[in-house]
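Each chain, written out:
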Amino acid sequence: MGCPRVGTVDKDRWETGLNALKKELTRTDHGSDDVLICSYSKSGVHWLWDNVRMLMKGEILTDDVEKESSMMEYLNNCDDLPSPRILNNHGYFDEQPSDLLQGKNKVIFLYRNPKDIAVSFYHHHLKFPSLQYTGDFHNFLTRFVDGQIVNSSYFEYLLSFEEGFRKFQNIPYLLVRYEDLHHRPVAERRRIAEFLGKSSYDDTFLRNVHEATTIEVMRQNKTRSKNGADLEVKSVMYRKGKVGDWKETFTANQNLWFDDVINDVMKHSKLFTFVYSIND
């Protein structure tokens, strides 16, 4: 990916995974029912992946299977997974599998407001053992804007997909905003289900999916078999999961400066609209 890093993040494993991103997404015995979820780190992909799993299967799941089991950066061979595969990655548009450009598979693109992502990623960098970040939030926010963190620039990431979707209009994709999953839990899950070809679910099932994937339930399910260092790492993945948590960290001056940055770098975007609280 060639992105600047803070500390070392399983470099060999990551580079192996990046090679996997270049592979064909569809094989002869894996057809168009494969789904690819694309998102920048800390956008809520653990949450969305579990939702998609339940919507695909048509049942409520309470196991401790995590999205890393289908995360392309961490897989030596995506072909080992059974069909239909619910793959996910944090790669830029030009790092995606070549079959993506041919429109063979459905893509769900998840995004979240950059203020909550910055705060969540800050805590991720503080607590993730291999990152070894010790700076304060002010320093981290500058690095976040400059792309000097894992996954590089959030804004460049978003714009890479906006340009990719504009250029390759044959790609069947669904844009999902993290905040909408909170604000309209049933309606948004219905929209995702219909995109996946699952249009028969009633409101009760969709509400059950929502309740089975709250941050409290997921934290309990996904960390129950972990202990020690593994538990500490997993607790970072299920920290708060709320909209507007940025207000507890940003100073007034940081917020004004960050607003200027967002308005400038995203001024030509026609695809992304950020929501910073449920009341927006």
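Quick note: structure is the one above.
Residues numbered from 1 in each chain as written. Predicted model: local features only at pLDDT ≥ 70, side-chain atom pairs only at ≥ 80, totals over all residues. Heavy atoms only, no water.

Participant: Which residues make up the sheet that holds strand β4 (residues 173-177), and what values go with them?
Facilitator: The four strands are arranged β2-β1-β3-β4 in an open sheet whose pairing can be described as parallel. Two strands bound the open sheet, and with one partner strand each, they are β2 (86-89) and β4. The sheet shows a mean angle of 20° between the axes of neighbouring strands, direction not considered. Alignment of strand β1 (residues 35-39) against β2, held across four bridges, turns out to be parallel. Paired with Cys-38 across the bridge in β2 is Asn-89. (Pairing = 2+ DSSP bridges. Helix = DSSP H or I, 4+ residues; strand = E, 2+ residues; numbered from the N terminus. Axes fitted to C-alpha atoms, helices over the stretch in contact; angles between N-to-C directions.)

Participant: Help me get a handle on the layout of surface pockets, residues and values and all.
Facilitator: Any space left empty among the atoms is revealed by the rolling of a water-sized probe across them. One number sums up the size of the second largest pocket: a volume of about 270 Å³. Looking at the second largest pocket, the residues that line it are Trp-49, Arg-53, Met-56, Lys-57, Val-65, Ser-70, Leu-81, Pro-82, Ser-83, Pro-84, Arg-85 and Ile-86. The greatest single-element share of the lining of the second largest pocket, amounting to four residues, is contributed by helix α2 (residues 45-57). Among the residues forming the lining of the second largest pocket, the class breakdown is seven nonpolar, two polar and three charged. (1 Å grid on protein atoms, 1.4 Å probe; cavity = no way out; pocket = protein on both sides within 12 Å on 5 of 7 lines; lining within 4 Å. Points joined across faces, edges and corners; volume = space filled by probe spheres on them. Nonpolar A, V, L, I, M, F, W, Y, C, P; charged D, E, K, R; others polar.)

Participant: Report on the nonpolar core, specifying residues and quantitative values.
Facilitator: Among soluble globular proteins, nonpolar side chains are generally buried collectively. Ranked by size, the top nonpolar core spans 46 residues in total, and within it Phe-109, Phe-144 and Leu-158 carry the most contacts. Tallying contributions element by element places helix α5 (residues 154-167) first for this core, with six residues. Setting aside chain neighbours within four positions, we find Phe-109 in contact with Cys-38, Tyr-157, Leu-158, Phe-161, Phe-165, Leu-174, Leu-175, Val-176 and Phe-272. (Core = buried A, V, L, I, M, F, W, Y, C linked by side-chain atoms within 4.5 Å. Buried < 20%, exposed > 50% of the residue type's maximum accessible area, 1.4 Å probe, protein only. Contact = heavy atoms within 4.5 Å.)

Participant: Give a description of the packing of aromatic side chains that names residues and reports values.
Facilitator: All chains considered together, the criterion is met by 35 aromatic pairs. When the ring centre of Phe-195 is taken as origin, the NZ or CZ atom of Lys-106, which lies over that ring, is 5.4 Å away. Lying over the aromatic face of Tyr-178, Arg-112 brings its terminal NZ or CZ to 4.1 Å of the ring centre. (Phe/Tyr/Trp six-rings, centres within 6.5 Å; stacked < 30°, edge-to-face > 60°. Lys NZ or Arg CZ within 6 Å of the ring centre and 35° of its normal.)

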